[in-house]
Amino acid sequence: MRYHTHIVSSLAIGAGIATYTPVSFTIAYATGLAIGGLLPDIDEPNSYIGRRSLGMAKQVKKAFGHRGFTHSLLAWGTITAVLLLQHFSSFTLGLCFGYAFHILADYCSSQGVPLLWPFSKKRYRFIMTYRTSSFFETLLFYCFLVLFIYFLTNGAIEENSSFFLFSFIDFSE
């Protein structure tokens, strides 16, 4: 999946969660969703995040290969446990959700993901799959974009929320 589809799909699903649960859709949460939606591709130097990793992507790919460790449940579980137990915030919650949504999206691709790495290198995939950069992925991008807009306008952001301008400023003092 291309980087912009990962970002939009993570934002759409994250906004859906914020619409139907007590999770607040803030700038920090949205930023976490977007970064988390890209983070598993740190194992590919030519990916959007890999090109910006200051050489880290080359080292991760050398150690684990593309769609290896970073696309496993072990990687997601480890990152989630460390971040949410040590540094819980709306940003880290969004990052952990975005990471999971990335793995889910790649699970639906024709390449699949090694969910049980290191115990098995078998790649698991959904019955119906898409190919990266295909017409179907483009269609998915626009469907997620519409869904994201729908959730933003139907409950993800509270009416009295100052999400876009002031959600990072604490006015309580």
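For the protein, the name recorded in an unreviewed UniProt entry is Metal-dependent hydrolase, with Anoxybacillus flavithermus as its organism.

Caption draft 1: Examining the overall build of the protein more closely. Within the protein one finds seven helices and zero strands. On C-alpha atoms alone, the protein measures out to a radius of gyration of 17 Å, which is about the 16 Å that the 2.2 N^0.38 rule sets for 173 residues. The C-alpha extent of the protein, read off along each of the three principal axes, is 50 × 35 × 25 Å. Burial status across the protein gives 41% buried among its 173 residues. When contacts within the protein are restricted to residue pairs at least 6 apart in sequence, long-range pairs at least 24 apart make up 59% of them. Put simply, the protein shows about 10000 Å² of open surface, and 67% of that area lies on carbon and sulfur atoms. Here the protein holds 12 positive side-chain charges and 9 negative ones, and the gap between their average locations is 21 Å.

Caption draft 2: Geometry of the state of the cysteines. One pass over the structure, following the stated rule, counts zero disulfides. Free of any disulfide, Cys-143 has its nearest neighbouring cysteine sulfur in Cys-108, separated by 14 Å.

Caption draft 3: Region of the structure containing the packing of helix H1 (residues 3–20) against helix H5 (residues 90–107). H5 packs onto H1 with a crossing angle of 120° between their chain directions and a minimal axis gap of 9 Å. The angle between H1 and H5 falls in the class oblique. Here the hand of the crossing between H1 and H5 comes out right-handed. For the pair H1 and H5, the contacting residues are His-6, Ser-10, Ile-13, Gly-14 and Ile-17 in the first and Phe-97, Gly-98, Phe-101, His-102, Ala-105 and Asp-106 in the second.

Caption draft 4: Broad picture of the packing of aromatic side chains. Applying the stated criterion across every chain yields a total of 12 aromatic pairs. An angle of 35° between the planes, with centres 5.0 Å apart, marks the rings of Phe-64 and Phe-69 as tilted. Accessibility expressed as a relative area gives 36% for Phe-64, which makes it partly exposed. Through a chain of ring-to-ring contacts, the aromatic side chains of Phe-25, Tyr-29, Phe-97, Phe-101 and Phe-148 assemble into a single cluster. For the cation-ring pair, Arg-52 lies above Tyr-48, with the distance from its terminal atom to the ring centre recorded as 3.8 Å.

Caption draft 5: The arrangement of the UniProt feature "transmembrane region" (unreviewed entry) in the protein in detail. Here, the residues flagged by UniProt with the feature "transmembrane region" (unreviewed entry) are residues 139–157. In this annotation, residues 139–157 is assigned 95% helix and 0% strand; the end-to-end C-alpha distance for the span is 26 Å.

Caption draft 6: A look at the nonpolar core. Of all hydrophobic cores here, the largest spans 20 residues; its most connected members are Leu-11, Ala-15, Phe-25, Tyr-29, Leu-33, Phe-148 and Ala-156. Mapped onto this core, the elements with two or more residues apiece are H1, helix H2 (27–38), H5 and helix H6 (135–156). Ala-75, Tyr-99, Ile-103 and Val-113 belong to the second largest nonpolar core, which has five residues in total.

Cut-offs used in this document
- Residues numbered from 1 in each chain as written.
- Predicted model: local features only at pLDDT ≥ 70, side-chain atom pairs only at ≥ 80, totals over all residues.
- Heavy atoms only, no water.
- Helix = DSSP H or I, 4+ residues; strand = E, 2+ residues; numbered from the N terminus.
- Rg over C-alpha atoms; globule rule 2.2 N^0.38 Å.
- Buried < 20%, exposed > 50% of the residue type's maximum accessible area, 1.4 Å probe, protein only.
- Contact = heavy atoms within 4.5 Å.
- Areas by Shrake-Rupley, 256 points an atom, 1.4 Å probe, with all protein chains shown as cover.
- Lys, Arg positive; Asp, Glu negative; His and termini not counted.
- Charge placed at Lys NZ, Arg CZ, Asp CG, Glu CD.
- Disulfide = S-S within 2.5 Å.
- Axes fitted to C-alpha atoms, helices over the stretch in contact; angles between N-to-C directions.
- Parallel < 35°, antiparallel > 145°, perpendicular 65-115°, else oblique.
- Left-handed = near helix turned anticlockwise from the far one by under 90°.
- Phe/Tyr/Trp six-rings, centres within 6.5 Å; stacked < 30°, edge-to-face > 60°.
- Lys NZ or Arg CZ within 6 Å of the ring centre and 35° of its normal.
- UniProt positions renumbered as here; feature names shortened; annotations may be inferred.
- Core = buried A, V, L, I, M, F, W, Y, C linked by side-chain atoms within 4.5 Å.

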